[in-house]
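Now for the letters of each chain:
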Amino acid sequence: MATHDRQATTLALAHALSAAERGLAVIPLSPTKLPALRSPHRDDPVPRPCHGECGRLGHGVHDAATDPARIRELFAAAPWATGYGIACGLPPHHLIGIDLDTKPDRNSSTALRELALRHLFTIPPTVVVLTPSGGRHLWLTGPPDVVVPNSAGRLAPGIDVRGAGGYLVGPGSVTRHGAYTTAPGTAHLPPAACPPALLRLLLPAPRPQGPAPAGTGGHGRGLDQFVLAAHEGQRNTRLFWAACRAYEDGIGPALKNALIDAAVHTGLTEDEARTTIASAARMTGHRP
């Protein structure tokens, strides 16, 4: 291994350990920005889903750790690593990454500003990471009871979202195309809370159907059915989205019991449902 590569690996490990001190779970990355450790199941005759339950390394973002000893173990197993990835969606930050790409035929920053004007939100001061291609990664945090999915171009062309199961290339990483650096004046900032209006854009949209719950008029049509259609892993997210819509439309109190009933039907407890709805009320500026 070249001296430069050893230096890059040492620096990547140092940056990864520093990120872990802030509560960010990390994994080593190769110069291609992919996880540096290959799957231990790649040669299995019949590959089976495994998120690390086998006890071996090489499960991508599922290997992410904040424990220094574990991080050193990961980098020791991948001496070719020149960067590190930061897992999104994990406590305590529940990180959400807004990836603004830069291409000659599109301006993702302009697209984000247009979204902000249309949906009445502003991006608060937060960590901004500059990419070698001239793009930017905005670090935001989400509520602990909401799962933000990964997406590519769904918000607007050139805007990708890194949520649960995804990762961001950490500042200080070196790739084949250059280094990732923190934008001046943002390194000391904590990841800012995702604006509620933007958070709702990041979540799956409901498919309205069925009659409206009594007392809510047409505005509540389909919100309880949207919650009822949730699969395991989506229940809190769908309930939160529906509750936000209800409170925005001024029918939160009237729809609350219907949403609780729907959530309980999907497998949540009543206390869990009430907590999620209260969180939605606070995020939309209403009293729970």
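Residues numbered from 1 in each chain as written. Predicted model: local features only at pLDDT ≥ 70, side-chain atom pairs only at ≥ 80, totals over all residues. Heavy atoms only, no water.

A. Up close: the overall build of the chain. Summing up its helical and strand segments, the chain has eight helices and 14 strands in all. Computed over C-alpha atoms, the radius of gyration of the chain comes to 21 Å, within 12% of the 19 Å expected from 2.2 N^0.38 for 288 residues, which places it in the range of a compact globule. With the C-alpha coordinates of the chain rotated into their principal frame, the extents come out at 70 × 45 × 35 Å. Classification of the 288 residues of the chain by burial places 47% in the buried group. Within the chain, counting contacts between residues at least 6 apart in sequence, those at least 24 apart form 71% of the total. As displayed, the chain has an accessible area near 14300 Å², and 54% of this comes from carbon and sulfur atoms. (Helix = DSSP H or I, 4+ residues; strand = E, 2+ residues; numbered from the N terminus. Rg over C-alpha atoms; globule rule 2.2 N^0.38 Å. Buried < 20%, exposed > 50% of the residue type's maximum accessible area, 1.4 Å probe, protein only. Contact = heavy atoms within 4.5 Å. Areas by Shrake-Rupley, 256 points an atom, 1.4 Å probe, with all protein chains shown as cover.)

B. Seen up close, the side chain of Thr 126. Summarising the element assignment, Thr 126 is placed in the loop between α3 (108-119) and β6 (128-130). For Thr 126, a relative accessible area of 5% corresponds to the buried category. From its side chain, Thr 126 meets the backbone oxygen of Trp 139 in a polar contact 2.4 Å long. With sequence-adjacent residues up to four places away left out, Thr 126 is seen in contact with Trp 139, Leu 140, Thr 186, Leu 189, Pro 190, Pro 191 and Ala 192. (Polar contact = N/O pair within 3.5 Å; in protein donor to acceptor, adjacent residues only side chain to side chain.)

C. Up close: the sheet that holds strand β1 (residues 26-29). With respect to topology, three strands assemble into an open sheet ordered β1-β2-β10, the strand pairing being antiparallel. Across the chains shown, the open sheet's two edge strands, defined by having one partner strand only, are β1 and β10 (167-169). In this sheet, neighbouring strand axes are inclined to one another by 35° on average, regardless of whether the strands run parallel or antiparallel. Relative to β10, strand β2 (residues 83-87) runs antiparallel, the two sharing three bridges. From the neighbouring strand, Ala 87 faces β10, where its bridge partner is Tyr 167. (Pairing = 2+ DSSP bridges. Axes fitted to C-alpha atoms, helices over the stretch in contact; angles between N-to-C directions.)

D. Geometry of the pairing of strand β9 (residues 159-162). Bridge analysis of strand β3 (residues 95-100) against β9 gives four bridges, and the strand direction is antiparallel. Among the inter-strand pairings, Asp 99 is bridged to a residue of β9, identified as Asp 160. Where strand β8 (residues 151-156) meets β9, three bridges bridge the pair, whose relative direction is antiparallel. Bridge pairing links Ser 151 to Val 161 in β9. Between β8 and the antiparallel strand that follows it, β9, lie two residues; Gly 158 among them carries a positive phi value of about 90°.

By themselves, these observations are geometric and do not establish any function.
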